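Remarks on the overall topology
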Amino acid sequence: MDIQFDFKGAPVGGHIINYLLEKSRVVHQNHGERNFHIFYQLIEGGEEDLLRRLGLERNPQHYQYLVKGNCPKVSSINDRSDWKQVRKALTVIGFSEDEVEELMNIISSVLHLGNMQYGGDDGGSACITSDTQIKYLSRLLGVSGTVLTEALTHRKIIAKGEELMSPLNIEQASAARDALSKAVYGRTFTWLVNKINGSLAYTDESNKNSSVIGLLDIYGFEVFQYNSFEQFCINYCNEKLQQLFIELTLKSEQEEYEAEGITWEPVQYFNNKIICDLVEEKFKGIISILDEECLRPGDASDITFLEKLEDTVGSHPHFVTHKLADTKTRKLMGREEFRLLHYAGDVNYNVKGFLDKNNDLLYRNLKEVMCMSENKILTQCFDREELTDKKRPDTAATQFKSSLAKLMEILMSKEPSYVRCIKPNDSKQAGRFDEVLIRHQVKYLGLMENLRVRRAGFAYRRRYEIFLQRYKSLCPDTWPNWQGKLPEGVSTLVKHLGYKPEEYKMGRSKIFIRFPKTLFATEDALETRKQSLATKLQAGWKGYIQKTKYQKLRRSAIRIEAWWRGILARRRAQCRRKASDTIRRFIRGFIYRHQERCPQNEYFLDYVRYAFLMNLHRNAPKNVLDKSWPTPPPALTEASEHLRKMCMQNMVWTYCKKISPEWKHQMEQKTVASELFKDKKDNYPQSVPKLFVSTRLNGEEINPKALQALGTEKMKYAVPVTKYDRNGYRARPRQLLLTGDSIVIVEEGKMKQRIEYGALKGISVSSLSDGVFVLHVPSTDNKQKGDVVLQSDHVIETLTKVAICGEKADNVNINQGSITFALSQGKEGVIDFTPGSELLVAKAKNGHLAVTAPRLNSR
């Protein structure tokens, strides 16, 4: 690439020249390699509408030209992002939408060509079995599908002025298809480069003071496991560049020696002209033999080419084949390989495909079809003049050789500089150096040979003023300044350093030092001098610094001490003044504390309010049962009452918020029990800490027949009780069940009595600690046999449940002394309650039911 700069140094134009596009990569890739990036970018990044028009799918695995290297995706490459950059670049360069469309048509047509399948007829001739691909190719290339089909399966032969169409077999047809793919891609690539050159061209004729820098980008030697025609051409180019580099290096060295008046000494180096001649010599070189084999009539093949090389250049010291090699070398070479001993190392080349890649021929009828294309880019790539030109086109190797010769002429007329790029590792990791990989690159880049040429003479040369300025401190006569001529000063310096005559030469403006070790010794002496001088300066400077630092520190300490004492004194005075003002204001406020708020008492009143609020903050009640409250000052009595109510409301709200539904139900029952029995029945206090349960009988303790008799009624509570008969007051074990609308008394599985809540007149219980209670029912109810006398160990819980379920809280009577209840047939019974030491229930002599119960507390 030539880059053109204006007088300011800004790039204003350019021109690109491309050499040896690896067209074989279009149809074949080695393992681990990819095809050209544009194919993957189009498939991964192309819009859905674009892919639909081109007949492509978003999967590179579906295309034969993209899967042979088995590497459709690379983790370090983002094809979708790269596609966006390519589309933007095409716009920047100046491509119109039509040109982009036609360019994409050509790229996609190459993929469709790769997917074209061939079959054979009875005569062995090839025929296309994939009509879909022909339809896409006809539209994308702008040619007739019938004509394209014939051109891909037949070859036009001109014999004695007559044109004949010869059918191709499957192998020949596949080769013709691949040749067309390579030709279409290769010529489109050349057209693209020319298009870019048109965009880069500098058109300002007024500016004639522009400069040009040429950049030649080439990898260097390519040495792979499998090396073919492309590696042969690239390595031939490197041989020529190495030859040029050595010649220019020697030329510049010789010119510098002559300019400085130093006698030129011939340098021994490996002259690779012998290898260049082996490749490019007329009639005897490898390229000439290859061209001859491509052009001669008969059955020429890659093997016959190898045999011709063995016959022609087999005796050359830098050429080896399997047939000509010794036993040890044969183990490392294939029978289809030849080895060239390049200046940088040995490379084995496989001759398979050499003739086809060198011929790079496209059948005449395929050229005719491409010339008929309606695609404007293809009409520029395939010139109709090719059809009338009877001259056979140059082979690929000859074209490359001619281009390389022109490049050498350009380089010889310029002043080239070289940038060698070394790849530290294959994994693109920072700070990691693969020594084997680096040695391989240094070897095949020819760096060692270049170093040998430079070191064969005087390895180091510097102008007198630079050399003297750097090393003058090593000699007392030149330090600190040399007043005489520069050559005399340098001569004095090197004599003091002990340079031997064979180690250096004095030129007109430079000193030449032959051996690197001489320069290294001088550098070591300079470093030692610097360290010694630095040590002395450091010691003297430390003494001066310490003395000065002590004096400054002493003066600073005195000033800081005085300043700090003043600050402390002012702080103490300020604190005393503030304290006296506070005491004065407090005393004045205490005197006027009973008057209305005024400037004399406002500080005191504010302090009293603040003290009360802080005391309240520290001693506020922690729960609703805590009734304590700090005594407020007279001015805050009303505010204190409001705060007390708000605090209690907040605690109540907090407490209620924490209560669960189960605990709430428990509290409701306890509230009803409190209303009924608090301060009325002796055993109530003992029931307060005990939780009420939902039932005192589990499902197994209740007879299933009793549950079945209840039917759909839901049982809310069950408790074991003792029933006293109306005749004789005999105790009978029973079960008391509460449902939604009645009280049921059960004996094992038999329902003995049901009392509707609506029919229940009242409930009577004594004030003692016994568990006896009476359920009063109407005497007019024929279903009932009189009031029911029962005893329960959980009388408080049982009666609370009955009062809640039957809503009979107002009908619970607590009697002292005796309870009268109705018997059957209009008779009445009496229960006498007397306090005693223990609980006793029995029939008395007077016919009453006597209940003796201990008194648990005094009400």
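Structure first, text after, so check above.
Since we're looking at a predicted model, the values are computed, not measured.

What follows covers the nonpolar core. Of all hydrophobic cores here, the largest spans 57 residues; its most connected members are Phe39, Leu42, Leu152, Leu180 and Phe382. With residues near it in sequence (within four places) discarded, Leu42 still touches Leu50, Leu51, Leu54, Leu56, Trp83, Met104 and Ile107. One finds Phe232, Leu248, Leu306 and Ala344 within the second-largest nonpolar core, a separate group that totals 38 residues.

This part covers the pattern of salt bridges. What the rule picks out here adds up to 31 salt bridges. A salt bridge links Arg53 to Asp49, with the shortest nitrogen-to-oxygen separation between them at 2.5 Å. Taken as a pair, Arg53 and Asp49 lie in helix α2 (residues 48-54) at a separation of four residues, close to a single helical turn. Residue classification places Asp49 among the partly exposed residues on the basis of a relative accessible area of 42%. Its salt-bridge partner being Glu368, residue Lys156 comes within 2.8 Å of it at the nearest N-O pair. In this pair, Lys156 is assigned in strand β5 (residues 154-159) and Glu368 in helix α14 (residues 364-371), connecting sequence segments 212 residues apart. On the accessibility criterion, Lys156 (16% relative accessible area) is buried.

Outside of glycine, negative phi angles account for most residues, and trans bonds account for most peptide bonds. We note that Tyr729 has phi near 55°; this positive angle belongs to a residue other than glycine. Along the chain, Tyr729 falls in the loop between β14 (717-724) and β15 (731-738). With relative accessibility at 10%, the residue Tyr729 sits in the buried group. Its identity as a non-glycine residue notwithstanding, Glu807 has a phi of 55°, on the positive side. Relative to the assigned elements, Glu807 resides in the loop between α28 (795-806) and β21 (812-815).

Pairing is antiparallel in the open sheet, where three strands are placed in the order β11-β13-β12. The open sheet has two edge strands with one neighbour each: β11 (460-463) and β12 (504-506). For this sheet, the mean inter-axis angle between neighbouring strands, taken without regard to orientation, is 15°. With three bridges connecting them, β12 and strand β13 (residues 510-513) associate as antiparallel partners. Bridging from a neighbouring strand, Lys505 pairs with Phe512 of β13.

The rules behind these values
- Residues numbered from 1 in each chain as written.
- Predicted model: local features only at pLDDT ≥ 70, side-chain atom pairs only at ≥ 80, totals over all residues.
- Heavy atoms only, no water.
- Core = buried A, V, L, I, M, F, W, Y, C linked by side-chain atoms within 4.5 Å.
- Buried < 20%, exposed > 50% of the residue type's maximum accessible area, 1.4 Å probe, protein only.
- Contact = heavy atoms within 4.5 Å.
- Salt bridge = Lys/Arg side-chain N within 4 Å of Asp/Glu carboxyl O.
- Helix = DSSP H or I, 4+ residues; strand = E, 2+ residues; numbered from the N terminus.
- Pairing = 2+ DSSP bridges.
- Axes fitted to C-alpha atoms, helices over the stretch in contact; angles between N-to-C directions.

Treat this as a map of the structure, not an account of what it does.
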